[in-house]
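# Secondary and tertiary structure notes
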Amino acid sequence: MPDKEYERKHKETNPVVAICYDFDKTLSPDDMQAQGYIQSVGYDVPDFWKKSNSLASDNEMDQNLAYMYTMKQESEGKVLFTKEKLAEYGASVQLFPGVEQWFERIREYGKSQGVIVEHYIISSGLKEMIEGTAVAKAGAFEKIYASSFYYNEKGVAVWPAQVVNYTNKTQFLFRIEKGVLDINDSAVNESFSPEEMRVPFRNIVYIGDSDTDIPCMKLVTSYGGHSIGVYNAESKDKTKVYKMMRDGRIKYFAPADYREGTELDLLVKAIINRTAANEALETLHYKYKIERIKADKESNEEERKRTDLLISLENSGSFATTHSLISELQEIDDWSYEEKEILFQIALDNSQVRYILRDLDVETFYRKLLKSMKTMTSNAQEVKDILESDD
């Protein structure tokens, strides 16, 4: 059977900023299930979560699967558990101040700066409830990645269709990066050169509120993007954002107030401004790099081999390929200053290389390069810091 033709997004002429949001306590002051559904099945909110979490711990069960199962079981004989009913609960979910106007206003601001702004949800909450909110109905989101149910012919939820937990949230960032948005599209595993990335990580913003957002925040921050911790402006409790900042998970924090002129509004606009300027420079950088690569390929065979290896490493899209290339690179001793700088830049920019930087063969190669440096450049120092970090 031929593969399904998936709709994919491609690199735009203008730079794209992807703003990714958790939902509960990021866009809404409370868990979405606690704003109507839990009460409708006769539970106090703490009792419902106690039962759900006990189910998970007693059965070595994913907590998200546990709450989905508990929702379905507790609804029997009490309320209809259909997609339409969940959307109705979603329609009553409270949002933080300014959320309803936020998405279109920030899109328009981006447009005024020559930047395309797209909004994405990456949440452990229920997709059906998020889709029922006024902002989702108004088309605020490019894509909603959240837990969801499969429904039978009567429209009743019978089985989880998608479960999003804090550890698997990160996969959706890679889909956004490459423009491969469908959850079943395997093209997300294909190799993309840095120039082909639709939304490089430096142009991804992740906004969240708690520990469940840490893997995404850490990934975005590590690869040069912007992670923002938000806290409730009424309680002013900054305990979680202080910890996330202390642990290097976020770059910024602000009250969850999305109205125009607030701290969060000005922060996101500043990121958009920076993106506009930075991407103009990146365009020039790639132009000059291509010219340099073409010139290298016109040199002698040995230089062409070295250049080809550098290009292959830069474009490596799998761990196996990276290890194979490192083996060939190990055989070369007389790297020029420029080539060393390129190798250090690749280690920082190519997520495949960076992820296995501390594998024995890769670490050995880069430590040898570092040892040969007479003076440390900023790129070399950053690679050294990664290799010597405890994390």
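Residues numbered from 1 in each chain as written. Predicted model: local features only at pLDDT ≥ 70, side-chain atom pairs only at ≥ 80, totals over all residues. Heavy atoms only, no water.

Labelled according to an unreviewed UniProt entry, the protein chain appears under the name Haloacid dehalogenase, originating from Pusillibacter faecalis.

### With respect to the pairing of strand β3 (residues 143–151)
Summarising burial for β3: 7 of the 9 residues are buried, a large majority. Judged from the 4 bridges that link them, β3 and strand β4 (residues 157–162) form a sheet pairing that is antiparallel. Each residue of the ladder has a partner; that of Tyr-150, found in β4, is Trp-159. Linking β3 to β4, which pair antiparallel, is a turn of 5 residues; within it Gly-155 sits at a positive phi near 80 degrees. (Buried < 20%, exposed > 50% of the residue type's maximum accessible area, 1.4 Å probe, protein only. Helix = DSSP H or I, 4+ residues; strand = E, 2+ residues; numbered from the N terminus. Pairing = 2+ DSSP bridges.)

### Description of the packing of helix α13 (residues 319–329) against helix α16 (residues 360–371)
Put simply, α13 and α16 touch, their axes get as near as 10 Å, and they point 40 degrees apart. Taken together, the axes of α13 and α16 lie oblique to each other. Crossing hand, α13 versus α16: left-handed. Between α13, through His-323, Ile-326 and Leu-329, and α16, the contact on the second element is made entirely by Asp-361, Val-362, Phe-365 and Tyr-366. Its residues assigned to classes, the contact of α13 with α16 shows 5 nonpolar, 1 polar and 1 charged. (Axes fitted to C-alpha atoms, helices over the stretch in contact; angles between N-to-C directions. Parallel < 35°, antiparallel > 145°, perpendicular 65-115°, else oblique. Left-handed = near helix turned anticlockwise from the far one by under 90°. Contact = heavy atoms within 4.5 Å. Nonpolar A, V, L, I, M, F, W, Y, C, P; charged D, E, K, R; others polar.)

### Overview of the sheet that holds strand β6 (residues 226–231)
Across the sheet, which stays open at both edges, the 7 strands sit in the order β4-β3-β2-β1-β5-β6-β7 with mixed pairing between neighbours. Two strands bound the open sheet, and with one partner strand each, they are β4 and β7 (252–255). Put simply, the sheet's adjacent strands are angled 25 degrees from each other on average, direction ignored. Alignment of strand β1 (residues 16–21) against strand β5 (residues 204–208), held across 4 bridges, turns out to be parallel. Its bridge partner lying in β5, Ala-18 is registered against Ile-204. The sheet strands contacting helix α3 (residues 63–75) are β2 (116–126), β3 and β4, and the helix crosses β2 at an angle near 65 degrees. Contacts between helix α9 (residues 214–222) and the sheet are confined to β5 and β6, with β6 contributing the most and set at about 145 degrees to the helix.

### Looking at the packing of helix α14 (residues 337–349) against α16
Two numbers describe a pair of packed helices, the interaxial angle and the distance between the axes. Here α14 crosses α16 at 140 degrees, and the two axes come no closer than 11 Å. The pairing of α14 with α16 is recorded here as oblique in orientation. Two packed elements cross with a definite hand, and for α14 against α16 that hand is left-handed. Residue-level inspection shows Lys-340, Leu-343, Phe-344 and Ala-347 of α14 in contact with α16, the latter providing Phe-365, Tyr-366, Leu-369 and Leu-370. For the contact of α14 with α16, the per-class residue count stands at 7 nonpolar, no polar and 1 charged.

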